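Structural overview
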Amino acid sequence: MAKAKAPIDEKLYYSISEVAQITGLEAYVLRFWEKEFPMLRPRKNKGGNRHYQKRDIELINQIKQLLYEENFTIAGARKKLRGLEATPEKRRLVLKAKSDTILGEIRRELQELLKYLACLL
């Protein structure tokens with residue numbers, strides 16, 4: 001009997017490939033950002049595989065917004081993330097990152113459903 005998949009909210013850890021799909025970034029970009037942004041440190045298992053949590057994905061979406069949408073440099077984005085406290089701008093960034101994370105998870109789930117539907121046709 002096939003095991004039922006846990007709802008998205010119940011998943012504690014995501015692989016780098018899942019995070020790449022959710023955020024729309026390549027895995028090598030995520031690995032590079034780990035070196036550039038000290039606050040981005042996903043856990044690694046004994047095999048060395050990265051295990052991202054929701055807060056890591058939200059941080060990645062914040063970094064993505066700063067770099068790609070607001071045209072910050074890497075150093076500028078790093079400084080901005082360090083300097084953000086409980087300001088309206090941080091709340092906006094956090095809400096945007098959370099919505100991007102949710103949309104990315106929905107996109108990934110829909111892609112999986114499409115694969116299953118293609119097999120049935």
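Reference entry: report on the structure contained in this document. The structure presented is a predicted model; accordingly, all values stated were derived computationally and were not measured. (Residues numbered from 1 in each chain as written. Predicted model: local features only at pLDDT ≥ 70, side-chain atom pairs only at ≥ 80, totals over all residues. Heavy atoms only, no water.)

What follows is about the packing of helix 2 (residues 27–36) against helix 3 (residues 54–69). The interhelical angle for the contact between helix 2 and helix 3, taken along N-to-C directions, is 95°, at an axis separation of 12 Å. Compared by their axis directions, helix 2 and helix 3 come out roughly perpendicular. Mapping the contact onto sequence places Val-29, Leu-30 and Trp-33 in helix 2 and Ile-60, Ile-63, Lys-64, Leu-67 and Tyr-68 in helix 3. Looking at the contact of helix 2 with helix 3, its residues break down into seven nonpolar, no polar and one charged. (Axes fitted to C-alpha atoms, helices over the stretch in contact; angles between N-to-C directions. Helix = DSSP H or I, 4+ residues; strand = E, 2+ residues; numbered from the N terminus. Parallel < 35°, antiparallel > 145°, perpendicular 65-115°, else oblique. Contact = heavy atoms within 4.5 Å. Nonpolar A, V, L, I, M, F, W, Y, C, P; charged D, E, K, R; others polar.)

Before going further, it helps to spend a moment on the pattern of salt bridges. Opposite charge on two side chains permits them to pair, given that their charged atoms come into close proximity. Applying the stated criterion to the full structure yields eight salt bridges. Between Arg-78 and Glu-36 there is a salt bridge; the shortest N-O distance is 3.0 Å. Placement of the pair is Arg-78 in helix 4 (residues 74–83) and Glu-36 in helix 2, with a sequence separation of 42 residues. Note that Glu-105 is salt-bridged to Lys-54, the shortest N-O span being 2.6 Å. With Glu-105 in helix 5 (residues 88–120) and Lys-54 in helix 3, this residue pair connects regions lying 51 residues apart in the sequence. (Salt bridge = Lys/Arg side-chain N within 4 Å of Asp/Glu carboxyl O.)

Soluble, globular proteins show a tendency: their nonpolar side chains are buried together. Grouped together as the largest cluster of nonpolar side chains are 21 residues, with contacts concentrated most on Leu-30, Trp-33, Phe-37, Tyr-52, Ile-60 and Ile-63. Of all the secondary-structure elements, those providing two or more residues to this core are helix 1 (16–23), helix 2, helix 3 and helix 4. Ranked by the residues each element gives to this core, the list is headed by helix 3, at six residues. If sequence neighbours within four positions are ignored, Phe-37 has contacts with Ile-63, Leu-67, Ile-74, Ala-77, Arg-78 and Leu-81. (Core = buried A, V, L, I, M, F, W, Y, C linked by side-chain atoms within 4.5 Å. Buried < 20%, exposed > 50% of the residue type's maximum accessible area, 1.4 Å probe, protein only.)

A word on the packing of aromatic side chains. Counted by the stated rule, this structure contains two aromatic pairs. Geometrically, the ring pair formed by Trp-33 and Phe-37 is edge-to-face, given 6.3 Å between the ring centres and 80° between the ring planes. Overall, the relative accessible area of 0% leaves Phe-37 in the buried class. Summarising the aromatic geometry, the rings of Trp-33 and Tyr-68 are spaced 6.1 Å apart at their centres and angled 50° between planes, so their arrangement reads as tilted. In this pair, Trp-33 is assigned in helix 2 and Tyr-68 in helix 3, connecting sequence segments 35 residues apart. Given a relative accessible area of 3%, Trp-33 falls into the buried group. (Phe/Tyr/Trp six-rings, centres within 6.5 Å; stacked < 30°, edge-to-face > 60°.)

We now examine the environment of Thr-23. Tracing the sequence through the fold places Thr-23 in helix 1. Once the C-alpha coordinates of Thr-23 and Arg-108 are considered, the two residues, 85 residues apart in sequence, prove to be 9.9 Å apart. The residues touching Thr-23, leaving out its near neighbours within four places in the chain, are Ile-57, Ile-60, Asn-61 and Lys-64. A distance of 2.8 Å separates the side chain of Thr-23 from the backbone oxygen of Val-19, its partner in a polar contact. (Polar contact = N/O pair within 3.5 Å; in protein donor to acceptor, adjacent residues only side chain to side chain.)

What follows concerns the environment of Leu-93. Note on placement: Leu-93 falls in helix 5. For the pair Leu-93 and Gln-62, spaced 31 residues apart in sequence, the C-alpha separation works out to 6.0 Å.

Such coordinate-based values are descriptive only and should not be taken to indicate function.
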